[in-house]
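# Structure assessment
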Amino acid sequence: MKALLIVLCLLFIIGIISPANAQQLQFKKSSDSDTYTYNYKWVDQAKQTNTLTFSVDKTTAQEQYKNQTVFKPEIAQRYVYVELMKQAQKVSPKEARVTIQQRGERLELKVSSRDQAMLDKWKSLMSEKQESAFDDYLFANHYTRFVNHLGQEGVIPDHIRYIQQSRAFLLPAAQAIYEQLDEGTDTRAYVNLMLGWIQSIPYNQLTSRVDANGAGFFTPLEVLNNNKGDCDSKATLTASLMRSLLPDLSMAMIYLPNHALLAVNLGERPNEKSINIRGAQHVLIEPTGPGLVGIGEISDETARHIANGSYKVVMIP
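Below is a summary of the structure that appears in this document. Quick caveat: nothing in here was measured; it's all calculated off a predicted structure. (Residues numbered from 1 in each chain as written. Predicted model: local features only at pLDDT ≥ 70, side-chain atom pairs only at ≥ 80, totals over all residues. Heavy atoms only, no water.)

## Quick notes on the packing of helix α2 (residues 73-88) against helix α3 (residues 116-140)
Two measures define how a pair of helices packs: the angle their axes make with one another and the distance between the axes. Quick reminder of the rule: Here an axis means a line fitted to C-alpha atoms, over the contact stretch when the element is a helix, while the angle between two N-to-C directions is reported on a 0 to 180 degree scale. Secondary structure elements are defined from DSSP: runs of H or I of at least 4 residues count as helices, runs of E of at least 2 residues count as strands, and each element is numbered from the N terminus. A clockwise turn of the near helix away from the far one marks a right-handed crossing, whereas an anticlockwise turn of less than a right angle marks a left-handed crossing. When checking whether two residues touch, look at their non-hydrogen atoms; a contact exists if any pair is within 4.5 Å. Note on residue classes: Ala, Val, Leu, Ile, Met, Phe, Trp, Tyr, Cys and Pro are nonpolar, Asp, Glu, Lys and Arg are charged, and everything else, Gly too, is polar.
The N-to-C vectors of α2 and α3 enclose an angle of 140 degrees; their axes lie 9 Å apart at closest approach. Pair α2 / α3 crosses with right-handed handedness. The residues of α3 that touch α2, namely those facing I75, A76, Y79, V80, E83, L84, Q87 and A88, are W122, L125, M126, K129, Q130, A133, F134, D136 and Y137. Residues of the contact of α2 with α3, tallied by class, amount to twelve nonpolar, two polar and three charged.

Rendered as structure tokens:
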């Protein structure tokens, strides 16, 4: 099995590019038999106090994330081993012999046969099974393979799938944000209002993401329920909200070595930081906080990574 790497999201303080930090004045959560209700109050980039109240369907929200778990390489390897053993039992002794051994953090697969055609056949089938079994395990547990800008392979939470699954139950939240705006307000005002709210949600600082094996990622529902989230958790929530109300907007997750943010095709404006994706400029937006930053504002650290090409783009369908 290929080596695994969890992409980490370390504490990323945006306040270095803005003197104002997000200020959450109030958070209340309640529930009844059918819904979760959330109430927020925060101070935005213009030092204006904003409030937001919305309810989401409890059953719809809870059903989105079945089998979500912390990724553990040893459990994934055990699953693959069992699936390979099932495949090996299908091999006729007249065709080939298959042995599978667990060697520490890897599986050792050997195929032998006197017939070269049978040898090639079962080597190929066993190799395909090993890869597909690993993919099946990842999918069942809401993870996905990831290759960074250097070509290094790893495993991360399946942010794109979480975004797609969260759209329906987050629609009331997206609509509640939109209803705060004056009639005829453009998309940028909606995004900036949403950014201020999400940036004001406290940052989820972990003592060790290395030991956590991805445990620090919160689904959009968990960000709301726990009132905290790290960079990829907040980026996923933001993308889910935008996608629920703006289904045709071109968006992408941008993965830096230790960070994640979004790129959105909102048109170019002077002094905004953007990147070209598929021939169109996509402005960068930073939901993490605690700095209150608007569309196209990024930290010096992020700017260096972007300038050096040290990032990976993953489109959001």
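## Regarding the sheet that holds strand β1 (residues 23-31)
The condition is simple: Paired strands, as defined in this entry, are two strands with at least two bridges between them according to DSSP.
Strands sit in the order β1-β2-β3 across an open sheet of three strands; the sheet is antiparallel. Since the sheet does not close on itself, it has two edges, and those belong to β1 and β3 (49-57), each with one partner. Going across the sheet, the axis of each strand differs from the next one's by a mean of 10 degrees, ignoring polarity. When strand β2 (residues 35-43) meets β3, the two strands line up antiparallel, connected through nine bridges.

## Some details on unusual backbone geometry
Short version of the rule: Each residue is placed in one exposure class: buried if its accessible area under a 1.4 Å probe, protein chains only, is under 20% of its type's maximum, exposed if it is over 50%, and partly exposed if it falls in between.
Phi angles above zero are rare outside glycine, and N227 is one such case at about 55 degrees. If you trace the backbone, N227 turns up in the loop between α7 (220-226) and α8 (231-245). Using a relative accessible area of 10% as the deciding quantity, one classes N227 as buried. Not every positive phi belongs to a glycine, and R278 is a case in point at roughly 55 degrees. Tracing the backbone shows R278 in the loop between β10 (274-277) and β11 (280-285).

Keep in mind these numbers describe shape, not what the thing actually does.
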